[in-house]
Amino acid sequence: MEWLRDNVFRPYPELLIFLTIAAGFLLGRLRYRSLALGAVTGCLVAGLVIGSQAKVEIDGPIKSVFFPMFLFALGYDVGPQFFRALRKDGLPQVFLVPRG
């Protein structure tokens, strides 16, 4: 692992990011009964595991591009579910809010 980290991932940290995305998509496709992580959560978990083991510093410009992409993917994945639930159950919950 040290040879791979020093000779491949440190000079080219983008490869580590794409490896993390690929591993995350594969992890997100796994199912146990009715439980599945999904692609975005799989990428987050894969990033945590790979990042803790690889110990490669990612430069600022790369961070500032991939972090908003992750947030966009998360919002794109969860957004329709959020608005569907808000439309279905939102009005009754408005009436449950205490008035001050």
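Residues numbered from 1 in each chain as written. Predicted model: local features only at pLDDT ≥ 70, side-chain atom pairs only at ≥ 80, totals over all residues. Heavy atoms only, no water.

(A) Spatial organisation of the confidence of the model for the protein chain. Looking at the protein chain as a whole, the pLDDT averages 82, with 99% of positions reaching at least 70. The secondary structure element of the protein chain with the lowest average pLDDT is helix α1 (residues 2–9), at 78, and the one with the highest is strand β1 (residues 31–32), at 88. (pLDDT = per-residue confidence, 0-100. Helix = DSSP H or I, 4+ residues; strand = E, 2+ residues; numbered from the N terminus.)

(B) View of the environment of D77. Relative to the elements of secondary structure, D77 occurs in helix α4 (residues 60–96). In the structure, D77 is positioned 63 residues away from E14 in sequence and 24 Å away in space, judged by C-alpha atoms.

(C) Region of the structure containing a nonpolar patch on the surface. A cluster of nonpolar side chains, namely F67, L71, L74, V78, F82, F83 and L86, defines an oily patch on the protein surface of about 670 Å² accessible area. Mapped onto the elements, L74 comes out in helix α4. Among the residues examined, L74 registers a relative accessible area of 33% and is labelled partly exposed. (Patch = residues over 30% accessible without salt bridge, like charges linked within 9 Å, V, L, I, M, F, W, Y side chains within 5 Å. Areas by Shrake-Rupley, 256 points an atom, 1.4 Å probe, with all protein chains shown as cover. Salt bridge = Lys/Arg side-chain N within 4 Å of Asp/Glu carboxyl O. Buried < 20%, exposed > 50% of the residue type's maximum accessible area, 1.4 Å probe, protein only.)

(D) Representation of the packing of aromatic side chains in the model. Per the stated rule, a full pass over the model turns up three aromatic pairs. The interplanar angle of 80 degrees and the centroid separation of 6.0 Å between the aromatic rings of F18 and F66 together place this pair among those described as edge-to-face. Note that F18 is positioned in helix α2 (residues 13–29) and F66 in helix α4, a separation of 48 residues in sequence. According to the relative accessible area criterion, F18 is partly exposed, its value standing at 49%. Of the residues examined, F66 reaches a relative accessible area of 24% and is grouped as partly exposed. Ring centres 5.2 Å apart and planes at 75 degrees place the aromatic pair F82 and F83 in the edge-to-face group. (Phe/Tyr/Trp six-rings, centres within 6.5 Å; stacked < 30°, edge-to-face > 60°.)

(E) Region of interest: the nonpolar core. Core analysis: the largest hydrophobic core is formed by five residues, namely F9, L16, I50, A54 and V56. In contact with I50, other than residues within four places in its own chain, are L16, L19, T20 and A23. (Core = buried A, V, L, I, M, F, W, Y, C linked by side-chain atoms within 4.5 Å. Contact = heavy atoms within 4.5 Å.)

(F) Inspection of unusual backbone geometry at higher detail. The phi torsion at R33 lies on the positive side, around 55 degrees, for a residue other than glycine. Along the chain, R33 falls in the loop between β1 and β2 (35–36). In this structure R33 comes out as exposed when scored by relative accessible area, which is 74%. One non-glycine residue with positive phi stands out, namely K55, at about 55 degrees. Locating K55 in the fold gives a position in the loop between α3 (39–54) and α4.

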